[in-house]
Amino acid sequence: RGRDDHPSVAGALRPSVGAAGDQRSHAQDWFERETVDTRLAYIIGQPGSGKSTLMATLTAHLRRTSCPDPPHDLLWRDGQLVGTEIGRRREAFSGTDALAMNIQPRVVAWLAAHPYRNVIAEGDRLGNLKFFQAVQDEGVQVHLIYLDTPDIFAAGRRAQRRSNQNETWLRGRITKIKNLVSQWPSVGHRYITLNGMLSPDELVKELTTHPVIGELL
């Protein structure tokens, strides 16, 4: 089967347009009938820490249905909608890094208006204190998952994938993540650190009891 032909998805995700021109999918209508808290699990780490690889491993067993504005994938397990991932899965610059530079306000508004229970994301585009504070102000529970990866180990991974990212840009991203990690405890208390040198499968095992990720596994 392809990513969009799950029996519970086919024909159910064509957007319907109301009198006010408001587009929403039938899947969203179904999911929003439940009174739920919105929880965002966001994987952070420096370039080469394994964020995209971990996300791909975490969701490999789930069916995906792509939705627009902002781009996100509905995640299905055994015919049940279990959550959504912000961004797009692809070989390079995956997750939120696949989104437009000016996407942040739209994602904040979307999260505030669409109370999916489990939302997951990774990438530099939205991985900043301003975004996390904004969605917390909208009542979203933010859970940060930090892949703590030694610089030399992350550099080796970047070399393996033949990354040609500018050194100045890389240093900026590494500093940004370290600042976020140091600042976050004073802003939000839902935060865990994982050893970024572990394999993706080992990291998944570490997350089986995570309040958000655990419901997707």
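Residues numbered from 1 in each chain as written. Predicted model: local features only at pLDDT ≥ 70, side-chain atom pairs only at ≥ 80, totals over all residues. Heavy atoms only, no water.

### Brief notes about the overall build of the protein chain
- The number of helices and strands found in the protein chain is seven helices and nine strands.
- For the protein chain, the accessible surface area stands at approximately 11000 Å², while carbon and sulfur atoms represent 49% of it. (Helix = DSSP H or I, 4+ residues; strand = E, 2+ residues; numbered from the N terminus. Areas by Shrake-Rupley, 256 points an atom, 1.4 Å probe, with all protein chains shown as cover.)

### Regarding the pairing of strand E8 (residues 141–148)
- For E8, a buried count of six out of eight residues is recorded, marking the element as mostly surrounded by other parts of the structure.
- Examined bridge by bridge, E8 and strand E9 (residues 191–195) share five bridges and lie parallel to one another. Each residue of the ladder has a partner; that of Tyr-146, found in E9, is Thr-193. (Buried < 20%, exposed > 50% of the residue type's maximum accessible area, 1.4 Å probe, protein only. Pairing = 2+ DSSP bridges.)

### So, the environment of Gly-188
- Along the chain, Gly-188 falls in the loop between helix H6 (167–183) and E9.
- Relative accessible area serves as the criterion here: at 5%, Gly-188 is assigned to the buried category.
- The spacing of Gly-188 and Gln-136 is 52 residues in sequence and 8.5 Å in space, taken between C-alpha atoms.

### Structural notes on the sheet that holds E9
- An order of E4-E5-E6-E7-E3-E8-E9 is seen for the seven strands of this open sheet, with the pairing classed as mixed. Across the chains shown, the open sheet's two edge strands, defined by having one partner strand only, are strand E4 (63–67) and E9. Strand after strand, the sheet turns through a mean of 25° between neighbouring axes, direction not considered.
- The sheet contact formed by strand E6 (residues 80–86) and strand E7 (residues 118–122) spans two bridges and is parallel. (Axes fitted to C-alpha atoms, helices over the stretch in contact; angles between N-to-C directions.)

### Points about a nonpolar patch on the surface
- A contiguous nonpolar surface patch, about 310 Å² in accessible area, is contributed by Ile-152, Phe-153 and Met-197.
- Topologically, Phe-153 is positioned in helix H5 (residues 151–160). (Patch = residues over 30% accessible without salt bridge, like charges linked within 9 Å, V, L, I, M, F, W, Y side chains within 5 Å. Salt bridge = Lys/Arg side-chain N within 4 Å of Asp/Glu carboxyl O.)

### Focus: the side chain of Arg-158
- Looking at the element boundaries, Arg-158 is found in helix H5.
- Within the buried set, Arg-158 has no salt-bridge partner at all; the shortest N-O distance to an opposite charge, 5.8 Å, is to Glu-167.
- A distance of 2.6 Å separates a polar side-chain atom of Arg-158 from the backbone oxygen of Pro-47.
- Setting aside chain neighbours within four positions, we find Arg-158 in contact with Gln-46, Pro-47, Gly-48, Ser-163, Gln-165 and Leu-170. (Lys, Arg positive; Asp, Glu negative; His and termini not counted. Polar contact = N/O pair within 3.5 Å; in protein donor to acceptor, adjacent residues only side chain to side chain. Contact = heavy atoms within 4.5 Å.)

### Some remarks on the nonpolar core
- Membership of the largest hydrophobic core comes to 29 residues, with the highest contact counts inside it found for Leu-40, Tyr-42, Ile-44, Ile-86, Leu-111, Phe-131 and Phe-132.
- When residues of this core are traced back to their parent elements, those giving at least two are strand E3 (39–44), strand E5 (72–77), E6, helix H3 (104–113), E7, helix H4 (129–137), E8 and H6.
- It is H3 that contributes the most residues to this core, four residues altogether.
- Sequence-distant contacts of Phe-132, that is, excluding residues within four places in its chain, are made with Tyr-42, Ile-44, Leu-126, Gly-127, Val-142, Leu-144, Leu-180 and Trp-184. (Core = buried A, V, L, I, M, F, W, Y, C linked by side-chain atoms within 4.5 Å.)

### Describing the pattern of salt bridges
- With the rule as written, the count across this model stands at 11 salt bridges.
- Linking Arg-173 and Asp-124 is a salt bridge whose minimum nitrogen-to-oxygen distance equals 3.3 Å. Here the residue Arg-173 occupies a position in helix H6, and Asp-124 occupies one in the loop between E7 and H4, the gap between them amounting to 49 residues.
- In this structure, Lys-178 engages Asp-151 in a salt bridge whose closest nitrogen and oxygen atoms are separated by 3.9 Å. One end of the pair, Lys-178, is in helix H6; the other, Asp-151, is in helix H5, with 27 residues separating them in the sequence.
- For Asp-151, a relative accessible area of 40% gives the class partly exposed.
- Each of the salt bridges in this network shares a partner with another, and the network as a whole consists of Arg-64, Asp-73, Glu-85, Arg-88, Arg-89 and Glu-122.

### Focus: the packing of H3 against H4
- At their nearest, the axes of H3 and H4 sit 9 Å apart, and the two run at 25° to each other. Here H4 runs roughly parallel to H3, going by the angle between their axes. Every pair of crossing elements has a handedness; the one defined by H3 and H4 is right-handed. Here Gln-104, Val-107, Val-108 and Leu-111 of H3 lie close against H4, whose contacting residues are Lys-130, Phe-131, Ala-134 and Val-135. (Parallel < 35°, antiparallel > 145°, perpendicular 65-115°, else oblique. Left-handed = near helix turned anticlockwise from the far one by under 90°.)

### Some remarks on the side chain of Arg-64
- With respect to the helices, strands and loops of the structure, Arg-64 is situated in strand E4.
- The class of Arg-64 is buried, set by a relative accessible area of 7%.
- Separated by 2.9 Å, the side chains of Arg-64 and Thr-59 make a polar contact.
- Within the local environment of Arg-64, its side chain forms a polar contact with the side chain of Glu-85, the two groups lying 2.6 Å apart.

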